[in-house]
Amino acid sequence: MRITIVKDYDEMSKKAAEIISKQIRTKPDSVLGFATGGTPIGTYKELVRMHKEEGLDFSRITTFNLDEYYGLGPDHPQSYHYFMFSNLFNHVNIDPKRVHIPDGLAKDVEAFCKKYEEEIKKAGGIDLQLLGIGRDGHIAFNEPGSSLTSRTRLVALAEETIKDNARFFEKEEDVPRFAITMGCGTIMEAKKILLLANGEAKSDAVAAFIEGPITSQITASILQMHPDVTVIIDEAAASKLKRKEYYKHVDRLFRDLEKKT
Ligand code: GLP
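All values reported here derive from a predicted model rather than from experimental measurement.

(A) Structural context of the overall build of the chain. Check the secondary structure of the chain and you find nine helices and ten strands. The principal-axis extents of the C-alpha atoms in the chain amount to approximately 55 × 40 × 35 Å. Approximately 12200 Å² of the chain is accessible, and the part contributed by carbon and sulfur atoms is 53%. Across the chain, 37 positive and 40 negative side-chain charges occur, with their mean positions spaced 5 Å apart.

Below, the structure is given as structure tokens:
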């Protein structure tokens, strides 16, 4: 796990966009896994800027989103469909036919989830998966207790997550109680993973998934078993890491080495 600790949200977003744009430039037909929430908004803004000012080309990119609220259609302003199109896809030259987001209105949810998994495989697997993290240590909507080998499926949201996500809705009762999400097993099959976190509110989850035991109580902790994970966090999110200075030291050494090669 490569851990980069940055000053603030802005620096985190710029660094994340750099990694994603490098992936796109090196492999223009990359399969990218995208996430929603407040965390990646700055990254998407920067990618849009790179598209407009530097010609970053999304025309051959395929995408798969992590999750969607169950019961919300693509036109609902709080759906993850709506989020992705308004924050990224509407502003870059992506082919909407290559965009995949779980269908919150799927009638046969089980069949839909199976098909979603098959589509990821058919596309050749996810090259780079972007992730945020919930305060309870969840990735996508894999709440505490989710199997660490779980696949795309219907899940119930934890109370803490409902409360956290209520800020995007008019009132807490409006937050859907269920979601369709990629599983931990699905996420673990991505070739590379990039996890972002900022703010003090994420500091316990960050310390737990990096330095704690691998446990289904903190589903992000399964990332310790993945061979290619980059974590970019700001000082506030990093504040409870015991070996913070060590991670900074390692990151500095690698940065110097990369400058020379
Ligand atoms: C939701 C999403 C996660 C996201 C998390 C944190 O639960 N399903 O993918 O990482 O919220 O969101 P935020 O970035 O707004 O803190």
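(B) Broad picture of the packing of aromatic side chains. Under the definition given, this model contains eleven aromatic pairs. Consider the rings of Tyr69 and Phe169, whose centres lie 5.6 Å apart with planes at 80°: the pair is edge-to-face. Linking Tyr69 in strand E4 (residues 67–69) with Phe169 in the loop between helix H5 (159–165) and strand E8 (178–181), this pair joins segments that are 100 residues apart in sequence. Residue classification places Tyr69 among the buried positions, given a relative accessible area of 1%. Measuring from ring centre to ring centre gives 6.0 Å for Tyr80 and Phe141, while their planes differ by 10°; the resulting arrangement is stacked. With Tyr80 in helix H3 (residues 80–87) and Phe141 in the loop between strand E6 (128–131) and strand E7 (153–156), this residue pair connects regions lying 61 residues apart in the sequence. Taken together through their ring pairs, the aromatic side chains of Phe34, Tyr44, Phe83, Phe85 and Phe89 make up a single cluster. The side chain of Arg243 reaches across the aromatic face of Tyr246, ending 4.5 Å from its centre.

(C) Geometry of helix H7 (residues 203–211). Among all positions of H7, only Ser203, Ala205, Val206, Ala207, Phe209 and Ile210 are buried. In the core, the buried residues of H7 are packed alongside strand E1 (2–6), strand E9 (192–197), strand E10 (229–234), helix H8 (235–238) and helix H9 (244–260).

(D) Representation of the sheet that holds E6 in the model. If you walk across this open sheet you meet the seven strands as E1-E10-E9-E6-E2-E3-E5, and the pairing is parallel. Of all strands in the sheet, those with a lone pairing partner are E1 and strand E5 (99–100), marking the two edges. Relative to E5, strand E3 (residues 62–65) runs parallel, the two being bridged by two bridges. Bridge pairing in E5 links Phe64 to His100.

(E) Focus on the pattern of salt bridges. Per the counting criterion, the structure on display carries 23 salt bridges. In this structure, the salt-bridge partner of Arg49 is Glu46, at a minimum N-O distance of 3.0 Å. With Arg49 and Glu46 both in helix H2 (residues 41–54) and three residues apart, this pair spans about one turn of that helix. Among the residues examined, Glu46 registers a relative accessible area of 11% and is labelled buried.

(F) Highlighting the packing of helix H1 (residues 9–26) against H2. Following both chains from N to C, one finds H1 and H2 inclined at 50°, their axes separated by 8 Å at the closest point. By the angle class used here, H1 and H2 are oblique. Classified by chirality, the crossing of H2 by H1 is right-handed. Where H1 approaches H2, its residues Tyr9, Ser13, Lys14, Ala16, Ala17, Glu18, Ile20, Ser21 and Arg25 are matched on the opposing element by Ile41, Gly42, Thr43, Glu46, Leu47, Met50 and Glu54. When grouped by side-chain class, the residues that make up the contact of H1 with H2 number seven nonpolar, four polar and five charged.

(G) Looking closely at helix H4 (residues 109–122). The first and last C-alpha atoms of H4 sit 20 Å apart over 14 residues, in line with the 20 Å expected at 1.5 Å per residue. Every buried residue of H4 is listed here: Val109, Phe112, Cys113, Tyr116, Glu117 and Ile120. Taken end-on, H4 shows its buried residues confined to a sector of 140°, consistent with a single buried face. Away from its buried face by more than 90 degrees, H4 exposes Glu110, Lys114, Lys121 and Lys122. For H4, the secondary structure elements touched by its buried residues are E3, E5, E7, E8 and helix H6 (184–188). Where H4 ends, the next residue or the one after it, Gly124, has phi of about 100°, a positive value.

(H) Local environment of the sheet that holds E4. Taken in spatial order, the three strands of this open sheet run E4-E8-E7, and their pairing is antiparallel. If you trace the sheet from one side to the other, it starts and ends with E4 and E7, each paired once. Strand-to-strand twist across the sheet, computed as the mean angle between neighbouring axes with direction ignored, equals 30°. Where E4 lies against E8, three bridges are found, and the strand directions are antiparallel. Considered in E8, the bridge of Tyr69 is made with Ala179.

Conventions adopted
- Residues numbered from 1 in each chain as written.
- Predicted model: local features only at pLDDT ≥ 70, side-chain atom pairs only at ≥ 80, totals over all residues.
- Heavy atoms only, no water.
- Helix = DSSP H or I, 4+ residues; strand = E, 2+ residues; numbered from the N terminus.
- Areas by Shrake-Rupley, 256 points an atom, 1.4 Å probe, with all protein chains shown as cover.
- Lys, Arg positive; Asp, Glu negative; His and termini not counted.
- Charge placed at Lys NZ, Arg CZ, Asp CG, Glu CD.
- Phe/Tyr/Trp six-rings, centres within 6.5 Å; stacked < 30°, edge-to-face > 60°.
- Buried < 20%, exposed > 50% of the residue type's maximum accessible area, 1.4 Å probe, protein only.
- Lys NZ or Arg CZ within 6 Å of the ring centre and 35° of its normal.
- Contact = heavy atoms within 4.5 Å.
- Pairing = 2+ DSSP bridges.
- Salt bridge = Lys/Arg side-chain N within 4 Å of Asp/Glu carboxyl O.
- Axes fitted to C-alpha atoms, helices over the stretch in contact; angles between N-to-C directions.
- Parallel < 35°, antiparallel > 145°, perpendicular 65-115°, else oblique.
- Left-handed = near helix turned anticlockwise from the far one by under 90°.
- Nonpolar A, V, L, I, M, F, W, Y, C, P; charged D, E, K, R; others polar.
- Expected span 1.5 Å × (residues − 1).
- Arc of directions from axis to C-beta.

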